[in-house]
Each structure stands twice: as C-alpha cells, then as structure tokens.
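# Working through the structure, step by step
Spelled out, the chains give:
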Amino acid sequence: QVQLTESGGGSVQAGGSLRLSCGVNGRRSSDFDMGWFRQAPGKEREFVGAITWSADKTYYSDSVKGRFTVSRDNAMNALYLQMNNLKLGDTAVYYCAASLRGAMHIVQLQQADYWGQGTQVTVAT
C-alpha cells in the first residue's frame, strides 16, 4: 500500500520561506510523477506544481511560478516544495500527490492516484 506523508508546514510571516517534504512509502518514488496541490478554506483544490519521475521537467501554476520550486530525491523516496516570498494568499493545506499515469494526469487533469493527508501552511502579516 502506498502512503504519502507531508511535513514541514507551519506559520510564517509574509515574505518568508518554508520547505515542505513528502515521504513515499510502499513503493519507489521513482515509479511516480509527483506534485503538490493546495486547498484554502472555502475554495476548491488548486494545482501548485509537479515534477516528472526523472526530474527532467517541472510544471507550476501561474500563481506560484518564480516563487516555488518542486524537487525530488528518489534515493530518499522524497518530494519537496521550496516556497519563497510567501504571500497571504498562499495560506492553505498543502497536499502531496503521486500518479502512475504521467505528469499531465496531475498538471492538466489535476488528479492523482495517491494523496497525502496534507500539511497546513499559514502566512501572516
């Protein structure tokens, strides 16, 4: 059984940085294209960024492009999201996602085969 576990969330002032991590258990992370989503209170789930299994391509939503970086370490079975210059609008629960159907499953269809439980990111003034 595949399990995704996020960590690294917390509270940060606007303009600050946070790094989220997602550990993959039950299967090699290199089997998956992976990504990050977020959901703010009262809003629908939103795609944030994604990375192919080999890390040769990354994809970002316009709202985070230039501020967030998705990376992975398959030797560690881990996915990361480096978030810089955080804004109030970045406040949300962030979810790690993994797909066996290609990166476009995540990026365009905004779906995944496996999801983490989420980690809260709160940006304050």
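Here, every reference points to the structure presented above.
Residues numbered from 1 in each chain as written. Predicted model: local features only at pLDDT ≥ 70, side-chain atom pairs only at ≥ 80, totals over all residues. Heavy atoms only, no water.

### Quick look at the environment of Val2
- Relative to the helices and strands, Val2 is located in the segment before β1 (3-7).
- The exposure class assigned to Val2 is buried, which follows from its relative accessible area of 13%.
- For the pair Val2 and Gly23, spaced 21 residues apart in sequence, the C-alpha to C-alpha distance is 10 Å.
- When neighbours within four sequence positions are excluded, Val2 is seen to be in contact with Asn25, Gly26, Arg27, Phe32 and Tyr114. (Helix = DSSP H or I, 4+ residues; strand = E, 2+ residues; numbered from the N terminus. Buried < 20%, exposed > 50% of the residue type's maximum accessible area, 1.4 Å probe, protein only. Contact = heavy atoms within 4.5 Å.)

### Observations regarding the nonpolar core
- Among the nonpolar cores identified, the biggest contains 26 residues, and Met34, Trp36, Leu81, Met83 and Tyr94 are the most heavily contacted of them.
- Those elements that provide at least two residues to this core are β3 (18-25), β4 (33-39), β5 (46-51), β7 (68-73), β8 (78-83), β9 (92-99) and β11 (119-124).
- Residues Phe37, Ala50, Ile106 and Ala112 belong to the second largest nonpolar core, which totals seven residues. (Core = buried A, V, L, I, M, F, W, Y, C linked by side-chain atoms within 4.5 Å.)

### Details of the state of the cysteines
- Applying the stated criterion to the full structure yields one disulfide.
- Here Cys22 is linked by a disulfide to Cys96, with a sulfur-sulfur distance of 2.0 Å. The chirality of the disulfide connecting Cys22 with Cys96 is left-handed, given an S-S dihedral of about -75 degrees. You can see Cys22 sitting in strand β3 and its partner Cys96 sitting in strand β9, a full 74 residues away along the chain. Take Cys22 and Cys96: they sit in the same class, and that class is buried. (Disulfide = S-S within 2.5 Å.)

### Some points on the pairing of β1
- Here β1 shows a buried face lined by Leu4 and Glu6 and an unburied face lined by Gln3, Thr5 and Ser7.
- Pairing between β1 and β3: five bridges, direction antiparallel. When the sheet's bridge partners are listed, Thr5 is paired in β3 with Gly23. (Pairing = 2+ DSSP bridges.)

### Quick look at the side chain of Arg72
- With respect to the secondary-structure elements, Arg72 resides in strand β7.
- For the buried residue Arg72, which engages in no salt bridge, the nearest side chain bearing the opposite charge is Asp33, 5.2 Å off.
- A distance of 2.9 Å separates a polar atom in the side chain of Arg72 from the backbone oxygen of Thr52.
- Only 2.9 Å separates the side chain of Arg72 from the side chain of Asn74, close enough to count as a polar contact. (Lys, Arg positive; Asp, Glu negative; His and termini not counted. Salt bridge = Lys/Arg side-chain N within 4 Å of Asp/Glu carboxyl O. Polar contact = N/O pair within 3.5 Å; in protein donor to acceptor, adjacent residues only side chain to side chain.)

### Quick look at the environment of Val121
- By secondary structure assignment, the location of Val121 is in strand β11.
- Separated by 82 residues in sequence, Val121 and Gln39 have C-alpha atoms that sit 10 Å apart.
- Excluding anything up to four places from it in sequence, Val121 contacts Gly9, Gly10, Leu18, Leu20, Met83, Asp90, Thr91, Ala92 and Tyr94.

Honestly, that's just the spatial picture; any functional story needs more than this.
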